[in-house]
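Survey of secondary and tertiary structure
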Amino acid sequence: MPELAAQSWFMLQRQGRNLLRERVWVALLLIQPLVWLVLYSQLFTRITELGGFGTDDYLDFFLPGVVCMNAFFAGSWSGMATVTDLDRGVIERFLATPVRRSALVFSQVARAATQAGIQGSILIAIGLAIGADIAGGVIGGVAILVAGMLLAAGFSGISHALALIFRREATMIAAANFIALPLMFLSAILIARPLMPGWMQAVSRFNPVDWGVRAAREPALPGTDWLVVASYLGLLAGFTLLTAGFATWAFRAYQRTL
Amino acid sequence: MEYPALDSLAVDAIVAEGLEKRYGDVQALAGVSFRVRDGEFFGLLGPNGAGKSTTTRVLVTLTRPDAGRAAVAGHDVVREPERVRRSIGYVAQASGVDREATGRENLTLQGRVHGLRGRALRERVDELLSVFGLSAAADRVVRGYSGGMKRRLDVALGLVHRPQVLFLDEPTTGLDPEARTVMWDELERLAKVERLTILLTTHYLEEADRLTDRLAIVSRGRVVVEGTAEELKRDLRGDAVSVELADGRGEAAHAAVTALGSVLEAAVDGRILRARVVNGGAAVPGILAALEAAGVPVESVTLARPSLDDVYLHHTGHDFRSDDEAGLRA
C-alpha cells in the first residue's frame, strides 16, 4: 500500500507540474467558475419567485449547485489526459515498468478531485464576496467542497475508463457531451426539485450528480440535516470507488488488446 | 531449431520458444524461437511487419502470447510479469517521453517508478544526462528537443534503474543519418561499458551488421536463421552481383538470369537486380550476355562479398527492400 500511495503521488506530481506549465489552461481554470457563477445567477435571479427553493436569494441556492456542476464537468473531461498519454506512448512506457495500473488510475482521479477542490474554493470565495450565504458556516462550506471533489473523482473514473476503451479524442468529446448535459438537467443543480416534472425527479434519484447536489445544498441552506449530508457523501464515496474500479478494469482490458 | 550448447554457468538472458500471436486475420508471430546469452548484444533483423515489435512487446510483458513461452532474466513473462518489469528497460518504437516535462523530470519520474530515491536517483539522472549529451538541455521541456535528442532521452529512460536486459525497438528509425551515427556510437559504448544484455530490433541491415554480436533474421512471424553476421555471410558460398538496369524491365531480367547455371539465386527490387553466383569473375560475362540477349540494357554492375541482403534473400527467397516496403504499406 505505501508503494501504491507513493507511485500515485509521483504520477499526480507529474500531471500537476505539466498542467501548471500550460498558462492559458491555468488562467481559464480560474476564470471559468466565475463565468458560470455570474451568468447563471444573473439569468435566474427572479426564478425563486416560483417557490420551493428554500431561500429568496437564488445565489444562495445556486452556489452549491455551481460547485457541483463545475466539479462533474472537470471529472467528465479529465480522461482527455489519458487519451493524450496513450497517443504519445507514455502509458505504454509506464506499463513496462513496475508501476501499478491502479496508481495510474488513482493519480488521475486525485488530480480531477484536486482541480475541483481548487475551483470550488474559488467559487465559494467569490460567491461569499458577492453576497451569498452558507447557512452551515465553515463546516457547510467544507461539505460543499467535499461533495464537489467526490463528484469530480467519481466522474473522472468513468472518463478514464472510456478513454482507455475508445482511445480517441473525438469519441471522448462526443461521449463527455453526451453524458454531461443530460445528467446536469436531470439534477436539481439549476432549479428547485419541486419544480422538476415527476419523472425527472424520479430519475434524478439515480443520478450521482444529484447526490452531489443534495450533499452540497443541504448545508448551504437553512435547516441543515447533517445526516442527509453524510449519507449522500457516503453514497458519492461508494460511487467513486466503483468508477475507480471500473477504470482499473479498463486498464487491464486495454492491455489485453495490445 | 538446435541451440548451441551453453556454458553451464551462463544463464540465457532471453529465451523465446514458439511464440505465436494473432491479431484478427494477421498472424503476427507464427512460432518465434531464439535465445540471447547473458551480456550479448543481439539483433532481431527483419523487414517492416515481420513481427519484431510484437516479439519485443511479448518479451517486455505488454502483450501476452497466444502460444509458446518466453523468459527474460530468468523470469517467465506470462507468470511473473512483475519480476520481468523490474529487470528490464524498454525503449519502444514510438517515443514514450513526456513531451510536456523536462528531460530531468522524465528521468527522475522513471527512476522513482523503479524505486530509486534521493541522492542515488539524482546522481544517476545526472550521469545519464551527461552520458547521452543532454546535460545542457536537462531542464528544458522535451517538446523543444530535436528528434535525436528525444530518442537519446528514450534510451536513457530505459537505463535509469540499471536493468539487466535492455530492449531497443527500432531505436534509429526516423532519425536523420547524422543522429543515427551519434546513436550508434552511444549504443556501442553502452554495450561495452555497462554489463548489459541488449535486444535490438531493426530493419537496417547496416545497423544489425555494425552493432550486434549475434542476430536472428525474422520474416513473416518466424526466425529464419540465427548466428553472427559474419557466420551468416560466410555460410553463403560465392559472390553477390548487383546489376543496375537501365529501364524497369525487372521481370525479363530476372527470367534471363535465373536460367543461367552459374546463378544460385536472384531477386529484383525496382531497377536493381541482385544475384548470388558461385564465382563472380566467371559469372559476370555470362549474366551480361544473357541480359543483352533478352534485350535488357544495363547501366552498371558491381561485384561484392555477400551482405546481409543476400543472407535474407537466401533464407526467405525474397528481396529485403521489397519486403520492407510491402510491410510498410500493409
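So, on to the overall build of chain B. A tally of helices and strands in chain B yields twelve helices and 14 strands. The C-alpha atoms of chain B give 22 Å as radius of gyration, which agrees with the globular expectation for 330 residues (20 Å, within 12%). Dimensions along the principal axes, computed over C-alpha positions, put chain B at roughly 75 × 45 × 40 Å. Sorting the 330 residues of chain B into buried and exposed places 54% on the buried side. Put simply, chain B shows about 14,300 Å² of open surface, and 49% of that area lies on carbon and sulfur atoms. Charge centroids of chain B, computed over 43 positive and 50 negative side chains, lie 6 Å from each other.

Looking now at the confidence of the model for chain B. Low pLDDT marks stretches whose predicted atomic positions should not be read closely. All names here are of chain B. Predicted confidence across chain B gives a mean pLDDT of 89, with 97% of residues reaching 70 or more. Confidence scores differ between elements of chain B, with helix H12 (residues 320-329) showing the lowest mean pLDDT of 82 and helix H3 (residues 103-113) the highest of 97. Note that residues 1-10 has pLDDT below 50 and, in this model, ten contacts with residues that lie over four places away or in other chains.

Turning to the sheet that holds strand E5 (residues 75-76) of chain B, a few remarks are in order. All names here are of chain B. If you walk across this open sheet you meet the four strands as E2-E1-E4-E5, and the pairing is antiparallel. What marks the edges here is a single partner per strand, and that holds for strand E2 (26-37) and E5. The pairing of strand E1 (residues 12-23) with strand E4 (residues 67-72) spans five bridges and is antiparallel. By the bridge assignment for E4, Val-15 is matched with Ala-71. Along the sheet, helix H1 (residues 52-59) makes contact with E1, E2 and E4, crossing E2 at roughly 65°.

Residue and element names in this part refer to chain B. A complete count under the given rule lists 40 salt bridges over all chains for this structure. Measuring nitrogen to oxygen at the nearest pair gives 3.2 Å for the salt bridge that ties Glu-17 to Arg-69. Separated by 52 residues along the polypeptide, Glu-17 in strand E1 and Arg-69 in strand E4 bring together distant segments of the chain. Its relative accessible area of 41% is what places Arg-69 among the partly exposed residues. Across the pair Asp-154 and Arg-151 runs a salt bridge, and its minimum N-O distance is 3.0 Å. With Asp-154 and Arg-151 both in helix H5 (residues 147-159), this residue pair falls three residues apart, about one helical turn.

Bringing the sheet that holds strand E6 (residues 88-91) of chain B into the picture now. All names here are of chain B. Read across the open sheet, the six strands follow the order E6-E7-E8-E3-E9-E10; overall the sheet is mixed. What marks the edges here is a single partner per strand, and that holds for E6 and strand E10 (222-227). On average, each strand axis in the sheet is tilted by 15° relative to the strand beside it, whichever way the strands run. Both strand E3 (residues 41-45) and strand E8 (residues 197-202) contribute to a ladder of five bridges, which runs parallel. Each residue of the ladder has a partner; that of Phe-41, found in E8, is Ile-198. Sitting on the sheet, H5 is in contact with E6 and strand E7 (165-169), with an inclination near 165° to E6. Here helix H6 (residues 177-193) sits on the sheet and contacts E3, E7 and E8; the angle it forms with E8, its principal contact strand, is near 155°.

A separate point is the interface of chain B and chain A. If you look at the interface, chain B gives 32 residues, while chain A gives 26 residues. Of the roughly 2,500 Å² buried where chain B meets chain A, counting both sides, 49% is carbon and sulfur surface. Looking only at chain B, the three residues that lose the most surface to chain A are Leu62(B), Leu109(B) and Val113(B), adding up to 24% of its buried area. At the boundary of chain B and chain A, one finds seven salt bridges. Glu22(A) is the partner of Arg143(B) in a salt bridge, and the nearest nitrogen-oxygen pair spans 4.0 Å. Viewed at the interface, chain A and chain B are joined by 14 residue pairs in polar contact (both at pLDDT 80 or more). At the level of elements, E1, helix H2 (81-87), E6 and H3 of chain B are the ones that each hand at least two residues to the side of chain B that touches chain A. Broken down by element, the residue count for the side of chain B that touches chain A peaks at six residues, all from H3(B). Of the residues that constitute the side of chain B that touches chain A, the class distribution is twelve nonpolar, eight polar and twelve charged.

What follows deals with the packing of aromatic side chains. Residues and elements named next belong to chain A. Summed over all chains, the structure comprises 16 aromatic pairs over all chains. The interplanar angle of 75° and the centroid separation of 4.7 Å between the aromatic rings of Phe-53 and Phe-61 together place this pair among those described as edge-to-face. Here Phe-53 and Phe-61 have matching classes, each one buried. Through successive ring pairs, a cluster of aromatic residues spans Trp-36, Tyr-40, Phe-44, Phe-53, Tyr-58, Phe-61, Phe-62, Phe-72, Phe-73, Phe-155, Trp-211 and Phe-239.

Calculation criteria
- Residues numbered from 1 in each chain as written.
- Chains lettered and ligands numbered in written order.
- Predicted model: local features only at pLDDT ≥ 70, side-chain atom pairs only at ≥ 80, totals over all residues.
- Heavy atoms only, no water.
- Helix = DSSP H or I, 4+ residues; strand = E, 2+ residues; numbered from the N terminus.
- Rg over C-alpha atoms; globule rule 2.2 N^0.38 Å.
- Buried < 20%, exposed > 50% of the residue type's maximum accessible area, 1.4 Å probe, protein only.
- Areas by Shrake-Rupley, 256 points an atom, 1.4 Å probe, with all protein chains shown as cover.
- Lys, Arg positive; Asp, Glu negative; His and termini not counted.
- Charge placed at Lys NZ, Arg CZ, Asp CG, Glu CD.
- pLDDT = per-residue confidence, 0-100.
- Contact = heavy atoms within 4.5 Å.
- Pairing = 2+ DSSP bridges.
- Axes fitted to C-alpha atoms, helices over the stretch in contact; angles between N-to-C directions.
- Salt bridge = Lys/Arg side-chain N within 4 Å of Asp/Glu carboxyl O.
- Buried area = accessible area lost by both parts, 1.4 Å probe.
- Polar contact = N/O pair within 3.5 Å; in protein donor to acceptor, adjacent residues only side chain to side chain.
- Nonpolar A, V, L, I, M, F, W, Y, C, P; charged D, E, K, R; others polar.
- Phe/Tyr/Trp six-rings, centres within 6.5 Å; stacked < 30°, edge-to-face > 60°.

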